[in-house]
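# A look at the structure
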Amino acid sequence: MNSKAEKFLAFLKEQDIKVFEVAELEDEFKTTIFRSRMEVAGQLLPTVVLLDESIYPLVRVQVVDKAVKGESLERVLAYTNELNGKYKIFKYYVTAEGALMLDCCLPSNAEKFDGELVRVVLDVVLKHLIEEYPKLMTQVWGEGQKAN
């Protein structure tokens, strides 16, 4: 396990946070994935913290799975482009499969990695999604439609 992952695991244990499943990848960066979910508007959004030996720790939330396509793609791209310009801490993108993702990069080397900062960023992302999720779903499903 890489040193950032070890520090984050120690932080989680110290704070008695038990919402993550941990998996180590056997890749060149010694990536460790911390998997969890965020509850937003009654939906459980898959959430991961990716820690590796690069300087780019990452929080990633899958906001929508495989629903951004056809008519909704243009609406979602326009709306998320506005959000990307408005918020510095995270960026939205749509995958080739039509998933809407939110990424938050927390540049850090191993010595300065801070588990508390990851927790704070997760809280910021959750607060943002609670506010924006209904608007995002309007873009995905169109006016007058509701996902739940």
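Residues numbered from 1 in each chain as written. Predicted model: local features only at pLDDT ≥ 70, side-chain atom pairs only at ≥ 80, totals over all residues. Heavy atoms only, no water.

### Remarks on a nonpolar patch on the surface
- A surface patch of nonpolar side chains, about 270 Å² in accessible area, is lined by Ile89, Leu117, Val120 and Val124.
- Here Val120 shows up in helix 3 (residues 115–141).
- Given a relative accessible area of 34%, Val120 falls into the partly exposed group. (Patch = residues over 30% accessible without salt bridge, like charges linked within 9 Å, V, L, I, M, F, W, Y side chains within 5 Å. Areas by Shrake-Rupley, 256 points an atom, 1.4 Å probe, with all protein chains shown as cover. Salt bridge = Lys/Arg side-chain N within 4 Å of Asp/Glu carboxyl O. Helix = DSSP H or I, 4+ residues; strand = E, 2+ residues; numbered from the N terminus. Buried < 20%, exposed > 50% of the residue type's maximum accessible area, 1.4 Å probe, protein only.)

### Topic: the packing of aromatic side chains
- Applying the stated criterion across every chain, the model contains seven aromatic pairs.
- Taking the centre distance of 5.7 Å and the plane angle of 70° together, the rings of Phe8 and Phe20 count as edge-to-face. Placement of the pair is Phe8 in helix 1 (residues 3–14) and Phe20 in the loop between helix 1 and strand 1 (21–24), with a sequence separation of twelve residues.
- Given a relative accessible area of 1%, Phe8 falls into the buried group. (Phe/Tyr/Trp six-rings, centres within 6.5 Å; stacked < 30°, edge-to-face > 60°.)

### What to know about the side chain of Thr31
- For Thr31, the position within the fold is in the loop between strand 1 and strand 2 (32–40).
- Its relative accessible area of 8% is what places Thr31 among the buried residues.
- Excluding residues that lie within four positions of it along the chain, Thr31 makes contacts with Asn2, Ala23, Glu24, Leu25, Leu50, Leu51 and Asp52. (Contact = heavy atoms within 4.5 Å.)

### With respect to the pattern of salt bridges
- Under the defined criterion, the tally for this structure stands at seven salt bridges.
- One salt bridge in this structure joins Glu116 and Arg119, with 2.4 Å as the shortest N-O distance. Here Glu116 and its partner Arg119 are both found in helix 3, three residues apart, which amounts to about one turn of the helix.
- For Lys135, the salt bridge identified is with Glu132, shortest N-O distance 3.7 Å. Highlighted residues: Lys135 and Glu132, both in helix 3, separated by three residues, approximately one helical turn.
- Given a relative accessible area of 43%, Lys135 falls into the partly exposed group.
- Residue Glu132 is classed as buried on the basis of its relative accessible area, which comes to 4%.

### What to know about the side chain of Thr47
- With respect to the secondary-structure elements, Thr47 resides in strand 3 (residues 43–51).
- Residue classification places Thr47 among the buried positions, given a relative accessible area of 2%.
- At 3.0 Å, the side chain of Thr47 forms a polar contact with the backbone oxygen of Leu45. (Polar contact = N/O pair within 3.5 Å; in protein donor to acceptor, adjacent residues only side chain to side chain.)

### Some words on helix 2 (residues 71–86)
- A rise of 1.5 Å per residue sets the reference length of helix 2, with its 16 residues, at 22 Å; its end C-alpha atoms lie 24 Å apart and thus fit the reference within 8%.
- For helix 2, the full list of buried residues reads Ser72, Val76, Tyr79, Thr80, Leu83 and Asn84. Looking down the long axis of helix 2, one finds its buried residues gathered within 145° of arc, a one-sided arrangement. Turned more than 90 degrees away from the buried face of helix 2 sit Glu74, Asn81, Glu82 and Gly85, all of them exposed.
- Where helix 2 is buried, its residues touch strand 5 (91–94), strand 6 (100–105) and helix 3. (Expected span 1.5 Å × (residues − 1). Arc of directions from axis to C-beta.)

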